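Architecture and fold: a report
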Amino acid sequence: MKFLITGGAGFIGSNMADRLLRDGHSVTVYDKFVTGRREFLAEAAKNPSFKLVEGDCADEEALSAAMEGADFVFHFAANADVRRGLEHPYKDLEQNTNNTYHVLEAMRRAGVKRIGFSSTGSVYGEASVIPTPEDAPFPVQTSLYGASKLAGEGLIAAYAEGYDFQGYIFRFVSILGERYPHGHVYDFYRALKKDPDRLFILGDGHQKKSYLYVGDCINAILTVIEKAREKVNIYNLGTDEYCEVTDSAGWIASELGLSPEFSYGGGERGWVGDNPFIYLDTSKVRALGWRPELSIEEAVRATVRYLKANEWMFD
Ligand SMILES: NC(=O)c1ccc[n+]([C@@H]2O[C@H](COP(=O)([O-])OP(=O)(O)OC[C@H]3O[C@@H](n4cnc5c(N)ncnc54)[C@H](O)[C@@H]3O)[C@@H](O)[C@H]2O)c1
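These numbers were taken from a predicted model, which means no experiment stands behind them.

Conventions adopted
Residues numbered from 1 in each chain as written. Predicted model: local features only at pLDDT ≥ 70, side-chain atom pairs only at ≥ 80, totals over all residues. Helix = DSSP H or I, 4+ residues; strand = E, 2+ residues; numbered from the N terminus. Rg over C-alpha atoms; globule rule 2.2 N^0.38 Å. Buried ≥ 20, exposed ≤ 12 C-beta atoms within 10 Å, placed from the backbone. Contact = placed C-beta atoms within 7 Å. Axes fitted to C-alpha atoms, helices over the stretch in contact; angles between N-to-C directions. Parallel < 35°, antiparallel > 145°, perpendicular 65-115°, else oblique. Left-handed = near helix turned anticlockwise from the far one by under 90°. Nonpolar A, V, L, I, M, F, W, Y, C, P; charged D, E, K, R; others polar. Near = placed C-beta within 6 Å. Domains from an automatic or database assignment.

Further remarks concern the overall build of the protein. The number of helices and strands found in the protein is nine helices and 13 strands. A compact globule built from 315 residues should have a C-alpha radius of gyration of about 20 Å, and the protein, at 19 Å, falls within 12% of that. Its C-alpha atoms put the protein at 55 × 45 × 40 Å along the principal axes. Burial analysis of the protein (315 residues in total) assigns 45% to the buried set. Sequence separation of at least 24 residues holds for 80% of the intrachain contacts in the protein that already meet a minimum separation of 6.

Time to look at the packing of helix H2 (residues 60–67) against helix H3 (residues 89–110). Taken N-terminus to C-terminus, the directions of H2 and H3 make an angle of 50°; their axes are 8 Å apart at the nearest point. What the angle tells us is that H2 and H3 run oblique. Of the two elements, H2 crosses H3, and the hand of that crossing is right-handed. Of H3, the residues touching H2 (which contributes Glu60, Leu63, Ser64 and Met67) are His102, Val103, Glu105, Ala106, Met107, Arg109 and Ala110. A per-class count over the contact of H2 with H3 returns six nonpolar, two polar and three charged.

In this section: the site of the ligand. Around the ligand sit 27 residues in total, of which Gly7, Gly10, Gly36, Ala78 and Ser118 are the nearest. The set of elements that each furnish at least two residues to the shell around the ligand consists of helix H1 (11–22), H3, strand S5 (114–120) and strand S7 (174–176). In terms of residue class, the shell around the ligand is made up of 13 nonpolar, eleven polar and three charged.

Turning our eyes to something else, we now look at the domain arrangement of the protein. For the protein, the assigned domains are domain 1 (2–175 + 214–237) and domain 2 (176–210 + 241–278 + 294–314). Inter-centroid distance (C-alpha atoms) of domain 1 to domain 2 is 25 Å. Each partner contributes to the interface: domain 1 provides 22 residues, whereas domain 2 provides 17 residues. Listing elements by their share of the side of domain 1 that touches domain 2, those giving two or more residues are H1, S7 and helix H6 (214–227). Grouping the constituent residues of the side of domain 1 that touches domain 2 by class yields eight nonpolar, ten polar and four charged.

So this is what it looks like as structure tokens:
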């Protein structure tokens, strides 16, 4: 098959590009290199079935030209920073909602009808049902990021209904693994590089979070697009467990061979919009035969080992 990946130079997108090429597919990456890195595409660039198009998702004309002949679009480009939404309230709307509209319009022009969308478990806000299933009571939003992704999901569903598209919406927990560029493992590692004896943790450290290894995330996405047949297919992706932020900090320190003293900002949440308990019900994706291979602890430790071997990631 021929795939186009928006945001394909990023963490998850570049891992997906490598996997699809390994499986014998053609891949076009469409990326503006906001947070994406050319290093992540070094392996892909050696493959004759790979093409890179530099461009902005808002440029429908360039994007639809890049999509010509594609069978499937993965729309991964976004502002993936959950935490800083309130510092620039337009950014999530522009980058996550409006650009999803531009991607859908570019697909309409190019005649491509199947889309896979990286949504997020953040759309559940502070869920009333835990573990949280896909059909949880309609959620109250707690972050501009979650709100902008939920609006993107809505657009995809409406295009599926109105223009006979097929949509695959993936609500995932935080992803870990090779090329991991942002999030608590990155932040804690960087802080420990500066001061190996102390680590400051936002909130009280008891926030309960679920994480998923990037390879498991990609396996799950590919399982769903192969097996799910609805017009709109919504799937939670995550592990069947959660940990506390303090547990994860302990694994990071131990993988680095350090024993820092932890101090805490206090309070249930690390920041406004932080969800003190994220744990998704993943029985729907498991019913398709998918299982994660790495536990949360193994994924955290693998991420630290990757960052240790690639300290240029901190430049
Ligand atoms: N990493 C996670 O834990 C996580 C969790 C849930 C959802 N997601 C979603 O998964 C997707 C990928 O996340 P990631 O962690 O790989 O992020 P990332 O920042 O590494 O990748 C995003 C990519 O999109 C590109 N991009 C941004 N704006 C663009 C634009 N206007 N036009 C073209 N390209 C643009 C960036 O250059 C980058 O390569 C995002 O949609 C994110 O919201 C990520």
